[in-house]
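# Per-entry structural report
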Amino acid sequence: MRLLFLVQGEGRGHLTQALSFAQLVETAGHEVVGALVGVTQNRPTPSFFSEQFPAPITPLPSPGLVYHTRTNALQPSRTALKAVLNARTYRRSMRQIRDAIETLKPDLVINFYELLGGLTYGFYRPTVPMLCVAHQYLAFHPRFPFPKGQLLDRLLFKLTSRLTAWGARELLALSFDQQPDIPGSRVRVVPPLLRREATERNPTSGDFLLAYTTHPGLVSQLVKAHQQHPDLPMRCYHAGTQAAEERIDATLTYHAIHSQRFLEAMQDCRAVVTTAGFEAVCEAFYLGKPVLMIPQPNHFEQACNALDGQRAGVGVASNSFDLSRLLAFIPHYDADASQQFRAWYGRGYYLFLAALNRAVNPESSNRKPRQRSKTLSAAGNGSIFTTK
C-alpha cells in the first residue's frame, strides 16, 4: 500500500507521531511515498523530522498558532487574524496537496491534524481515501474531560478538529487508555504513537526532578519552586540556554533543549514537570514517571490533555510550577497504571493496520460503507460529523 502523509508541523507532537507511524507501516511492508508538512515562516520543518523520515518531504505554508512573545500565552484572536490575512497562500497550499495526491497516486492519505488537509478534501474532494490521526479527536468521545466553563474555546477546538478531518474515512483518536468506540461515528480510539527511542529505554529511579518548558514564565516559576525546595535536585531543559549543562547551584542545572539527552534524563529521573503536550506526557507514562502537567496559558488543548492525563493516572494537572502537588502525588503513583498503558500501547500495531485496511477496503469492515459528508454538524454537539 502506498501512503502519503500530511503533517501539522506545530510543535513536535504530530511530527513525532508521523515518524512513529512511518516506522510501523514500513515494518508491515507498506510504502510511504512522501510527506507534506505544514510550516510557517518562523517554524520550518525541524531537523529531527527531516533527518529521520523515510520519504521526500515538502514544506507547505500552513496556519500556525500565535503566542505572546513575552509570556508565551496562546493568542487565539491573532491566530485567527493571521489565518485570514494569509488565506490566498493557504489556498495555494491546498492546490499543492491536491496536485501531490494526483501525481504520487497514493492508495491512502494519512493526515496528522493538518487543517489544510481537511479543507482540501472538503473543497476539492480527492478520490483517494483519507485517514486522520490525532489525540485531539478524543474530544468527540463522551468520556473526554473538558475544563469547566470556556464554552467558546471548547466549540472552537471541536470545530477546528472537524475541519482537519473533513472527508476522512475514519478518525483515529490517540488515547492514554482504552475507551469504547462511539456507535454511529467514525471515531476509533487507538493507543498513542511513540518514538522507538522511548519504548526501548530501561527506566531507573533517580533522585532528581526533570523539567521541560519552552515557556519563559515557567522558568521564573521554577526558580521560585527551587528556592522553596533547595535540597531537591532538578534538571531543567528550556529554550533560554544554549549550554549542554549550565550549573546554577548545587542542586539546579539548566540544559539546552535536546531531544535525545532529555529522553536519557527522563529514563533516570524521579518525576517529570512539563507542559501538557500529549507526546511528552505519554513518554513519561510509558517509562513510569509521575508527571506535573502545566498547560501553556490560554492553550485549551493542553488544558484538556492535563485533565485527561490526570484521569488516566499519569500525574497531576496544575496551572503553575507547584512542586508541592507533585511531591504529594508521587507516593500515590500507581505503577500498575503505567504497565496497563504499556499493554495498551502494545496493541497499536494491529489496531493501526486494521484501520488502514478498513480505509481502503470499507466493504471488509462490519459496518456499511459511508459516503463522504457534504456538511458539517454543529460544532457544539458531542459526536463527530455524520455521513448522509
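In the annotation of an unreviewed UniProt entry, the protein chain is listed under the name Glycosyl transferase and assigned to Larkinella humicola.

To continue, consider the sheet that holds strand β10 (residues 246-247). Spatial ordering of the open sheet is given by β10-β11-β9-β8-β12-β13-β14, a layout of seven strands whose pairing is mixed. Only two strands of the sheet have a single partner each, and these edge strands are β10 and β14 (315-317). Pairing geometry for strand β12 (residues 271-274) and strand β13 (residues 291-293), over three bridges, is parallel. Along β13, the bridge assignment pairs Thr 274 with Met 293. Most of the contacts of helix α9 (residues 259-268) go to strand β8 (residues 209-213), to which it runs at about 150°, and overall it touches β8, β9 (234-238) and β12.

Orientation of helix α10 (residues 278-286) relative to helix α13 (residues 335-346), taken along the N-to-C sense of each, is 115°, at an axis distance of 8 Å. When the axes of α10 and α13 are compared, the pair comes out roughly perpendicular. Listed contacts from α13 to Cys 282, Phe 285 and Tyr 286 of α10 are Ala 337, Ser 338, Phe 341, Arg 342 and Tyr 345. The class makeup of the residues in the contact of α10 with α13 is six nonpolar, one polar and one charged.

For the rest of this paragraph, the subject is the sheet that holds strand β2 (residues 31-39). Taken together, the seven strands give an open sheet; going across it, the order is β3-β2-β1-β4-β5-β6-β7, and neighbouring strands pair in parallel fashion. Two strands close off the open sheet at either side, each with one partner strand: β3 (57-61) and β7 (187-190). This sheet shows a mean twist of 20° between the axes of neighbouring strands, independent of strand direction. Pairing of strand β4 (residues 108-112) with strand β5 (residues 130-134), which is carried by three bridges, proceeds in the parallel orientation. Of the residues in β5, the one forming a bridge with Val 109 is Met 130. Against the sheet, helix α14 (residues 348-360) contacts β1 (2-8), β4, β5, β6 (170-174) and β7, and its axis sits at roughly 165° relative to β6.

Attention shifts here to the side chain of Thr 199. Along the polypeptide, Thr 199 turns up in helix α7 (residues 196-199). A distance of 3.2 Å separates the side chain of Thr 199 from the backbone oxygen of Arg 196, its partner in a polar contact. Not counting residues up to four positions away in its chain, the partners in contact with Thr 199 are Leu 194, Tyr 286 and Tyr 345.

Both faces of the sheet carry side chains from a regular strand, because those side chains alternate between them. The element β4 is extensively covered by neighbouring structure, given that five of its five residues are classed as buried. Residue alternation in β4 divides its side chains into two sets, Leu 108, Ile 110 and Phe 112 and Val 109 and Asn 111, and both sets are buried. Note that β1 and β4 share five bridges and pair parallel. Following the sheet pairing, Leu 3 is matched in β4 by Leu 108. Note on the crossover from β4 through helix α5 (residues 115-123) to β5: the handedness is right-handed.

Cut-offs and rules
The numbers attached to residues start from 1 for each chain and follow its sequence in the written order. This being a predicted model, a pLDDT of at least 70 is required before a residue's local features are given, and a value of 80 or more before pairs of side-chain atoms are given or counted; all residues contribute to the totals for chains, interfaces and linings. Neither water nor hydrogens contribute to the side-chain values; these are computed over all heavy atoms in the structure. We call two strands paired when DSSP finds no fewer than two bridges between them. A run of H or I in DSSP counts as a helix once it spans at least four residues, and a run of E counts as a strand once it spans at least two, with each numbered from the N terminus. Contacts between residues were defined by any pair of non-hydrogen atoms, one from each residue, lying within 4.5 Å. For helices, the axis comes from a line fit to the C-alpha atoms of the stretch in contact; other axes are also lines fit to C-alpha atoms, and the angle between any two N-to-C directions lies between 0 and 180 degrees. Roughly parallel means an angle under 35 degrees; roughly antiparallel means over 145; roughly perpendicular covers 65 to 115; every other angle is labelled oblique. Three classes are used, and their members are as follows: Ala, Val, Leu, Ile, Met, Phe, Trp, Tyr, Cys and Pro are nonpolar, Asp, Glu, Lys and Arg are charged, and the others, Gly among them, are polar. Nitrogen and oxygen atoms within 3.5 Å of one another constitute a polar contact, given that in protein one can donate a hydrogen and the other can accept it, and given that sequence-neighbouring residues count only through two side-chain atoms. For every residue, the accessible area obtained with a 1.4 Å probe (protein chains only) is divided by the maximum for its type, and the residue is called buried under 20%, exposed over 50%, and partly exposed between those limits. Handedness is read with the strands pointing away from the viewer; a crossover is right-handed when the path from the first strand over the helix to the second is clockwise.

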